[in-house]
Amino acid sequence: MLDIQLLRSDLEGVAARLATRGFVLDTARFHELEVRRKAIQMRTQELQSRRNSASKLIGQAKAKGEDTTAIMAEVALVGDELKTTEVQLVELQAELQIMLEGLPNMPHESVPVGASEADNQELRRVGSAPVFDFAVKDHVELGEGLGGLDFETAAKISGARFSVLKGGLARLHRALAQFMLDTHTDQHGYTEVYVPYLVNAASMRGTGQLPKFEEDLFRVPRQMGEGGEQNFYLIPTAEVPVTNMVRDEIVPLEQLPLKFVAHTPCFRSEAGSAGRDTRGMIRQHQFEKVELVQMVHPDESPAALEQLLGHAEMILQKLGLHYRVVRLCSGDIGFSSAITYDIEVWLPAQDTYREISSCSSFEAFQARRMQARFRNSAGKPELLHTLNGSGLAVGRTLVAVLENYQQTDGSIVIPEVLRPYMGGLEKLAR
RNA sequence: GGAGAGGUGGCAGAGUGGUCGAAUGUACCUGACUCGAAAUCAGGCGUAGCGUUAUACGCUACCGAGGGUUCGAAUCCCUCCCUCUCCGCCA
């Protein structure tokens, strides 16, 4: 959520910056709502003030046993008008809130202006693509050849966009997640957390999935007591439960930065992706991810983003996978993000780079929605900055390992760093 | 699932329908004392919104959430959520 003060003081400036990401801010409507809000709020507060002082007088008069009928008649009139203005004020503020919650974050100054993916900037390539002297297979062919990847059974159990892993492949998948967690906790200073996979609407609102992107989520309805209805949502990323740990909290300054890592399943409806990436494990309704989350002092967030990106890259380096880092342009960054770097891993069978991690700084955008604060050196509560990034998407990393470490006979050499997690096994073969 | 007890400032914890944004303690800040500190004493110290650009002033709202009664609600009524204790069931 953007700071409403900023919209009031520099509406055109905000509109211009949002325009770089292709968002049209209805400045006329905002202005009109604000004018009405201001008038009605002032009137309401004036009436409340009169009612309060009158009520106080009534109390004093009654204590002395005096007659109060005159003053009570007067305050009744105030009450009548108050009833209408209070309702109007609540409605106006709700309208403003809805509008405000629908506004995306402003891209950071460093973000290149662009319309789409095509305008993203490649920052660097790290490592080199493996060279094969035979026709490469994709991960589906490799996985099925090993008898460890089964989409038909997954389709029977659930439907499209699910997978079943078996045997060595299932273990390799687990090994990847363990390796990532251990690296981030032992070497990068993150605290591992285990969190709920079902969250409430307030949490989804806090990180920005709601109210705008409900169609991307799996909703789990539940009936509470009489008439009380509260949905759960399956998390689309660990970012949601982990970041919301600090919702409505005031973190002591000396505890910053907070650095958490969580390994969770992620659930996405992929409502807008019909027909995209239908083959293989690239785009699933359910996948595993190791997620890095940081809550930091505002002054520290640019440096923290660079570090977090480095932590994610380290996993690929240790696995010996070739990748590139891309700086997303203003037209391609996510709704809540101020800056985003994508890490794209080399997939030889597709002869291209595919996103395997997305590292973002949200600045105070999520913190403002969540009222996630810290106590600054002056002792006053101030909004935190939040960041997160995949470190990494486990399913896609499995795909990358299969395709990059494949041998002529369809077997897979296991990267050295994973072997301790595989009981010392060096190769996956049928 | 059954029975009971609770939810109030950073934390702990009082609170009679009116003078309660809320006692008290603690934490924190300032000052006095001290070479300095501790202890002690005095004062200050919630969040948000509006007027208003403002660490100053005024007003408003906020005592789990929402609704109701009332001139007036932390306090009374209703609904919901959450926490704790005991019993039952369960991994």
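Below you will find a few notes about this structure.

Cut-offs and rules
- Residues numbered from 1 in each chain as written.
- Chains lettered and ligands numbered in written order.
- Predicted model: local features only at pLDDT ≥ 70, side-chain atom pairs only at ≥ 80, totals over all residues.
- Heavy atoms only, no water.
- 1 Å grid on protein atoms, 1.4 Å probe; cavity = no way out; pocket = protein on both sides within 12 Å on 5 of 7 lines; lining within 4 Å.
- Points joined across faces, edges and corners; volume = space filled by probe spheres on them.
- Helix = DSSP H or I, 4+ residues; strand = E, 2+ residues; numbered from the N terminus.
- Nonpolar A, V, L, I, M, F, W, Y, C, P; charged D, E, K, R; others polar.
- Expected span 1.5 Å × (residues − 1).
- Bend = angle between axes of the 7 residues up to and from the residue.
- Buried < 20%, exposed > 50% of the residue type's maximum accessible area, 1.4 Å probe, protein only.
- Contact = heavy atoms within 4.5 Å.
- Salt bridge = Lys/Arg side-chain N within 4 Å of Asp/Glu carboxyl O.
- Phe/Tyr/Trp six-rings, centres within 6.5 Å; stacked < 30°, edge-to-face > 60°.

## A few points about the layout of surface pockets
Thought 1: Its boundaries defined by the atoms lining it, the largest pocket holds a volume of some 1800 Å³.
Thought 2: The wall of the largest pocket is formed by 50 residues, among which Arg268, Arg283, Gly334, Glu355 and Ser358 lie closest to the centre.
Thought 3: Contributions of two or more residues to the lining of the largest pocket are made by strand 10 (286-296), strand 11 (323-327), strand 12 (339-347), strand 13 (352-363), strand 16 (385-393) and helix 12 (394-404).
Thought 4: If one sorts the elements of the lining of the largest pocket by residue count, strand 13 sits on top with eight residues.
Thought 5: For the lining of the largest pocket, the residue count by class is 15 nonpolar, 18 polar and 17 charged.
Thought 6: The calculated volume of the second largest pocket comes to roughly 230 Å³.
Thought 7: Counting only elements with at least two residues in the lining of the second largest pocket, the list comes to strand 13 and helix 11 (365-370).

## Concerning helix 4 (residues 69-101)
Since the α-helix turns once every 3.6 residues, residues separated by three or four places project in the same direction.
Thought 1: Its 33 residues give helix 4 an end-to-end C-alpha distance of 47 Å, which sits within 8% of 48 Å, the value for a rise of 1.5 Å per residue.
Thought 2: The largest bend in helix 4 comes to about 25°, at leucine 82.
Thought 3: Along helix 4, the residues classified as buried are Val75, Val78, Leu82, Thr85, Leu89, Leu92, Leu96, Met99, Leu100 and Glu101.
Thought 4: Its buried side turned inward, helix 4 meets helix 1 (4-9), helix 3 (27-64), helix 8 (201-207) and helix 11.

## Quick notes on the pattern of salt bridges
Thought 1: For the structure on display, the rule yields 19 salt bridges.
Thought 2: A salt bridge links glutamate 101 to arginine 205, with the nearest nitrogen and oxygen atoms 2.5 Å apart. With a gap of 104 residues between them, glutamate 101 in helix 4 and arginine 205 in helix 8 connect regions that are remote in the sequence.
Thought 3: We classify arginine 205 as partly exposed; its relative accessible area is 34%.
Thought 4: The salt bridge partner of lysine 289 is glutamate 291, with a shortest N-O separation of 2.6 Å.
Thought 5: What emerges from the salt-bridge pattern is a single network uniting Arg43, Glu46, Arg50 and Glu81.

## Here's the deal with the packing of aromatic side chains
Thought 1: Within the structure shown, the criterion is met by six aromatic pairs.
Thought 2: With centroids separated by 6.4 Å and ring planes inclined at 70°, the aromatic side chains of phenylalanine 179 and tyrosine 421 adopt a geometry described as edge-to-face. On the criterion of sequence distance, the pair formed by phenylalanine 179 in helix 7 (residues 167-187) and tyrosine 421 in the loop between strand 17 (412-413) and strand 18 (427-428) is long-range, its members being 242 residues apart.
Thought 3: Judged by relative accessible area, which is 23%, tyrosine 421 ranks as partly exposed.

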